[in-house]
Amino acid sequence: MKSLVGNWEGTVAMEGKQVPATVEVRLTGDGSAIMHVMDKGGPHEMVTMIHPDGKRLLATHYCAAHNQPRMALVPSSAPSQVAFSFVDGTNIGPGEEHMKSVVFTFVDADHHEEAWTSSGSPTPAVFKYARKK
């Protein structure tokens, strides 16, 4: 995951069209956590903190939906993927929509994809990023 440190530009499909997307990834906490900032400075800025919790790795997502789902590392379907799945969260009422998973796919050193799946949709939003140079 540390290989993602840097600034990325890309797109995500929304309502049938490709929409620009950005993400900044940096280390914090003396290198113990990864801060993943989507749409930095934008109206829907969201932060995901990826950090150890004992023997497991968590991704806590501070969502524009005003909730904070926590997802834990799970086995992925490919060696080039890192997957997280919902464990619990805060500010999520019964039946309320929240992120339930994210899969990072490492294409090469300068390209990656992120598939974010909400509890309200079986189809993930797939962000395709290229490293900004």
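Before any of the text, the structure's been laid out above.
Residues numbered from 1 in each chain as written. Predicted model: local features only at pLDDT ≥ 70, side-chain atom pairs only at ≥ 80, totals over all residues. Heavy atoms only, no water.

Enquirer: Quick rundown of the layout of surface pockets? Include the residues and the values.
Expert: The volume enclosed by the largest pocket comes to roughly 590 Å³. Taken together, 27 residues form the lining of the largest pocket, with Met 14, Met 38, Met 46, Met 99 and Phe 127 sitting closest to its centre. Where the lining of the largest pocket is concerned, the elements lending two or more residues are strand E1 (6-14), strand E2 (17-28), strand E9 (111-118) and strand E10 (125-131). Looking at which element gives the most residues to the lining of the largest pocket, the answer is E2, with four residues. Residue composition of the lining of the largest pocket, by class: 17 nonpolar, eight polar and two charged. (1 Å grid on protein atoms, 1.4 Å probe; cavity = no way out; pocket = protein on both sides within 12 Å on 5 of 7 lines; lining within 4 Å. Points joined across faces, edges and corners; volume = space filled by probe spheres on them. Helix = DSSP H or I, 4+ residues; strand = E, 2+ residues; numbered from the N terminus. Nonpolar A, V, L, I, M, F, W, Y, C, P; charged D, E, K, R; others polar.)

Enquirer: How would you summarise the pattern of salt bridges if you had to cite specific residues and measurements?
Expert: Using the criterion set out here, one finds six salt bridges in the structure. The partner of Arg 26 in a salt bridge is Glu 24, and the shortest N-O contact between them spans 3.7 Å. According to the relative accessible area criterion, Arg 26 is partly exposed, its value standing at 37%. With a closest N to O distance of 2.9 Å, Asp 110 and Lys 133 form a salt bridge. Taken as a pair, Asp 110 in the loop between strand E8 (99-108) and E9 and Lys 133 in the segment after E10 lie far apart in primary sequence, 23 residues in all. Owing to a relative accessible area of 23%, Asp 110 belongs among the partly exposed residues under this scheme. (Salt bridge = Lys/Arg side-chain N within 4 Å of Asp/Glu carboxyl O. Buried < 20%, exposed > 50% of the residue type's maximum accessible area, 1.4 Å probe, protein only.)

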